[in-house]
Structures are given as C-alpha cells and as structure tokens.
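Notes for the structure review
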Amino acid sequence: MYNLALQARTEAWTLRQERVNYHATSAMLTAWKKTEELAFLNEVSCVPLQQALRHLQVAFTNFWAKRAKYPTFKSRKRSRRSAEYTTSAFRWRDGRLTLAKMTEPLDIVWSRPLPVGASPSTVTVSQDTAGRWFVSLLCDDRVEPVPATGAVGVDAGLDSLLCLSTGEKVTNPKHERRDRAALARAQRNLARKEKGSANRVKARLKVARVHARITDRRRDHLHKLSTRLVRENQTIVIEDLTVRNMIRNHSLARAVCDAAWRQLRTMLEYKAGWHGRTLVAVDRWFPSSKLCSTCGALAEHMPLHVRSWTCRCGTVHDRDVNAARNILAEGLSVIACGGGVRPQRESSRTRQSSVKQEPPGVTQGIPAL
C-alpha cells in the first residue's frame, strides 16, 4: 500500500504537477479494493492500510520541510514488516488483545505488565528478520522520579565496558564473541545454499536467529546497566565519543560495535530525562587518560597498551579509573559554568581519528576547572 500510494503521488507530480495528499490516497485505496488485482486488500482491516498512507504523508511533509530526502519505495525483504492498529481496530479486555477481523485473542507472552489502569491507544504488530512476531502497545505512563544524590564519571572501554569514577569496573560481556563460532558456522551453511531455494530461506533464518540472540542479550545488559546508573546518581558525566570514526579502525571495529557505546548513551539520555537527572557529555578532545587526577600534570605520551602509569607526584594511576575521575571533574566544571553538553572543538582530526581522541600532551598542565 505504501509503494502504491508513493507511485501514484510521484506520477501525479511528474506528469501533471499535481500534489496528492492523504485524503486523495485514501480515496484511491477504496478504488483499489474494488479491482480484481487488489481484491485481497479486503481480507485485512483497513486501519493498517490507512496508517501506511498516513506514514507516507508524514514522509512527504518532512521532505517538503527539507528535514528528509524524497520518500523511497519499501523493500519486501529489507524493510521492517509491521502493521499499526488504532483504537478502532483492536479490542483490549481483561488483559487480552484481539485485532480487527480476528475471532480469538492473540496468544501473547508478555515481557512485562502494562501500567496499572493504562489502556493502549495504538498497537503495532511487527516481525523481525528471525521470523519472531512482536506486539508493541502504546500507553500513557508516568515515571515516578526516585530521589538520588551524588555524581559519577563514566569512562567507556573495551576490556571493561565501563569504568566508574568510584573505581568500579563493569565487565564487558562481549556477546558477539561468545556466539562468533555459531554465527560463522551458520553463515558458511548459508553460503553453500542455492539462491532462491527453500533450504537457503531456512539457513538465512538460522543466521538471523544468531544475530537476534546477540542483539537481545546486548540490549538487555545495556538496559539494566543504564537503569542502575540513572537510579543511583543525580549527575552522570560521559565522554562525547565519535563511534562512527572509531569503527574505521578495522582492528577495533568489531569490538567497538559489540560494546554498543552509542546505544548506551541513547538509553542514558532518555532515562535521565524520565527521572530528572543531569547528563553531561564532555569534549571528546579532553585528555582524560593522560591527566593526573591528583596534581593535574599532563603526561606526554599514553599509548593504548599502557593500562597503569605513575605520575611525577608519585601517584600510581589505573588508566581507566583515572580517566573516569577526570571526566567527572570536567563535567562538574561544565555544570558550574552553566553548560549541559560541552561544545565541540572544530578540528580537522575529527574525521580521521579511529581511537578515543586525546590531544597531544605537554609535560605539565593544570586542568580547566
């Protein structure tokens, strides 16, 4: 339906310089249902079809406002397979969900209970690449903020997923590495199958299930970790890492993608908003690893293989713990100056760096507080 409406709107503008809006495509839907070729559209509820037309209207609105490119056709294989139902197309009674044109409620294994007294306003049914079906219910819920005190600095890494300014190190589960052998075996099996055969479809599903297992474990771990950080701390300070540049280093790309730092930051951002926390991202060029958190001296060189070092003041630093403490101090100084996210420095190195960026050091320095 999305592709049909997009083709009709494109032809109308190209041939007749005519703009077609949602109401016109909705009338086209009624006419399409009466044709022999598209008569199968009557077998499903009209609400998901109309929602597809509304989504197309939003895509065109964003295009006209220069917020997005011109809408493109959706692929049956690559696009997300989903159907959206509004309140008129489903029934929610006693915790049972029944969709339009269905006689029996769906047999659902709930991941968590709905909020008390909440009534869903929109239901989205989707299927992932592994063939699993999901139901997402949109409800009006209010998160009760839990009071918390204190602040924590967070240094991201690969050996330890996170190192906190308190000295705690969060172990990196390395979910992709755990299933790397199973993934390679499934991919080799897929490569041997003939394209277009039924066996290739089965082999592709096996590869997708391995990827889904890795993704689910990673997401679950990041959700638990981000929730704990937000609930226990009023202020969270992180680095503004450029993950896109880091994965250009082919020696580290696989490990960086498995760590999913960007996904963790996204979770921290919206959960901090829920609970009224302060999240600060310090400048990516801040020399957190080379700066002594005790005396403020700046080391001249700090290769990645150096995990501990001794400052000239005699303090022995764990590289990651010292970096987390410096990140916390820098973040608190940003808050004291009235900032939320420290502005980026314009530098030609931004697109070339493939590791955690730090400017070349000098023999001595005092942190900016």
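Nothing here was measured: the structure is a model prediction, and the numbers come from that model.

1. Re the nonpolar core
In this structure, Leu-162, Ile-236, Trp-261 and Leu-268 are the most contacted members of the largest nonpolar core, which totals 26 residues. Among the secondary structure elements, those contributing two or more residues to this core are β6 (151-156), β7 (160-164), α6 (198-232), β9 (235-239), α7 (243-246), α8 (253-259), α9 (261-275) and β10 (278-282). The dominant element in this core, judged by the number of residues it contributes, is α9, at 5 residues. Excluding residues within four positions of it along the chain, Ile-236 makes contact with Val-152, Val-154, Leu-229, Val-230, Leu-268, Thr-278, Leu-279 and Val-280.

2. Topic: the UniProt feature "domain: Probable transposase IS891/IS1136/IS1341" (unreviewed entry) in the protein chain
With numbering matched to this structure, UniProt assigns "domain: Probable transposase IS891/IS1136/IS1341" (unreviewed entry) to residues 142-249. Within the segment residues 142-249, helix and strand shares are 51% and 18% respectively, and the terminal C-alpha atoms sit 42 Å apart.

3. A word on α6
Here α6 spans 51 Å end to end across 35 residues, near enough to the 51 Å set by a 1.5 Å rise per residue. Ala-203, Val-207, Ala-208, Val-210, Ala-212, Ile-214, Arg-218, Leu-222, Leu-225, Ser-226, Leu-229 and Val-230 are the residues of α6 that are buried.

4. Some remarks on the packing of aromatic side chains
Tallying each qualifying case throughout the model produces 5 aromatic pairs. Considering the side-chain rings of Phe-63 and Tyr-70, the 5.1 Å spacing of their centres and the 90° angle between planes classify their relative orientation as edge-to-face. Members of the aromatic cluster, connected to one another through ring pairs, are Phe-60, Phe-63, Trp-64 and Tyr-70. The ring of Trp-64 is capped by Arg-19, whose NZ or CZ atom sits 4.4 Å from the centre of that ring. The lysine or arginine in question, Lys-74, covers the ring of Tyr-2, its NZ or CZ lying 4.6 Å from the ring centre.

5. With respect to the sheet that holds strand β1 (residues 81-86)
Read from one edge of the open sheet, 3 strands run β1-β4-β5, paired in antiparallel fashion. Looking at the sheet topology across the chains shown, the edges are occupied by β1 and β5 (133-138). Adjacent strand axes in the sheet meet at a mean angle of 15°, parallel and antiparallel pairs treated alike. Where strand β4 (residues 122-127) lies against β5, 6 bridges are found, and the strand directions are antiparallel. By the bridge assignment, Val-125 is partnered in β5 with Val-135.

6. Some remarks on the environment of Ala-184
Counting through the fold element by element, Ala-184 comes out in helix α5 (residues 180-191). Separated by 23 residues in the primary sequence, Ala-184 and Val-207 have C-alpha atoms spaced 8.8 Å apart.

7. So, the packing of α5 against α6
One way to put it is that α5 packs onto α6 with a least axis distance of 9 Å and a crossing angle of 160°. As judged from the angle between their axes, α5 and α6 are roughly antiparallel. Between α5 and α6 lies a crossing of left-handed hand. Between α5, through Ala-182, Leu-183, Ala-186, Gln-187, Asn-189 and Leu-190, and α6, the contact on the second element is made entirely by Arg-200, Ala-203, Arg-204, Lys-206, Val-207, Val-210, His-211 and Arg-213. For the contact of α5 with α6, the residue count by class is 7 nonpolar, 3 polar and 4 charged.

8. Comments concerning unusual backbone geometry
With the exception of glycine, the majority of residues adopt a negative phi angle, and the majority of peptide bonds are in the trans configuration. For Gln-17, which is not a glycine, the phi torsion comes out positive at approximately 55°. Here Gln-17 shows up in the loop between α1 (2-16) and α2 (22-33). Since its relative accessible area comes to 53%, Gln-17 is described here as exposed. Of note in this structure, Ala-260 is not a glycine but carries a positive phi near 55°. Of note, Ala-260 is situated in the loop between α8 and α9.

9. Section: the sheet that holds β7
Judged by pairing direction, the sheet is mixed, and its 5 strands sit side by side in the order β8-β7-β6-β9-β10 without closing on themselves. Edge positions in the sheet fall to β8 (169-171) and β10, since each has one partner strand and no second. On average, adjacent strands in this sheet sit at an angle of 25° to one another, irrespective of strand direction. Pairing of β7 with β8 involves 3 bridges; the strand directions are antiparallel. The residue bridging Leu-162 from the neighbouring strand is Val-170, located in β8. Helix-sheet contacts for α6 involve β7, β8 and β9, and the interaxial angle to β7 is about 0°.

The rules we used
Residues numbered from 1 in each chain as written. Predicted model: local features only at pLDDT ≥ 70, side-chain atom pairs only at ≥ 80, totals over all residues. Heavy atoms only, no water. Core = buried A, V, L, I, M, F, W, Y, C linked by side-chain atoms within 4.5 Å. Buried < 20%, exposed > 50% of the residue type's maximum accessible area, 1.4 Å probe, protein only. Helix = DSSP H or I, 4+ residues; strand = E, 2+ residues; numbered from the N terminus. Contact = heavy atoms within 4.5 Å. UniProt positions renumbered as here; feature names shortened; annotations may be inferred. Expected span 1.5 Å × (residues − 1). Phe/Tyr/Trp six-rings, centres within 6.5 Å; stacked < 30°, edge-to-face > 60°. Lys NZ or Arg CZ within 6 Å of the ring centre and 35° of its normal. Pairing = 2+ DSSP bridges. Axes fitted to C-alpha atoms, helices over the stretch in contact; angles between N-to-C directions. Parallel < 35°, antiparallel > 145°, perpendicular 65-115°, else oblique. Left-handed = near helix turned anticlockwise from the far one by under 90°. Nonpolar A, V, L, I, M, F, W, Y, C, P; charged D, E, K, R; others polar.

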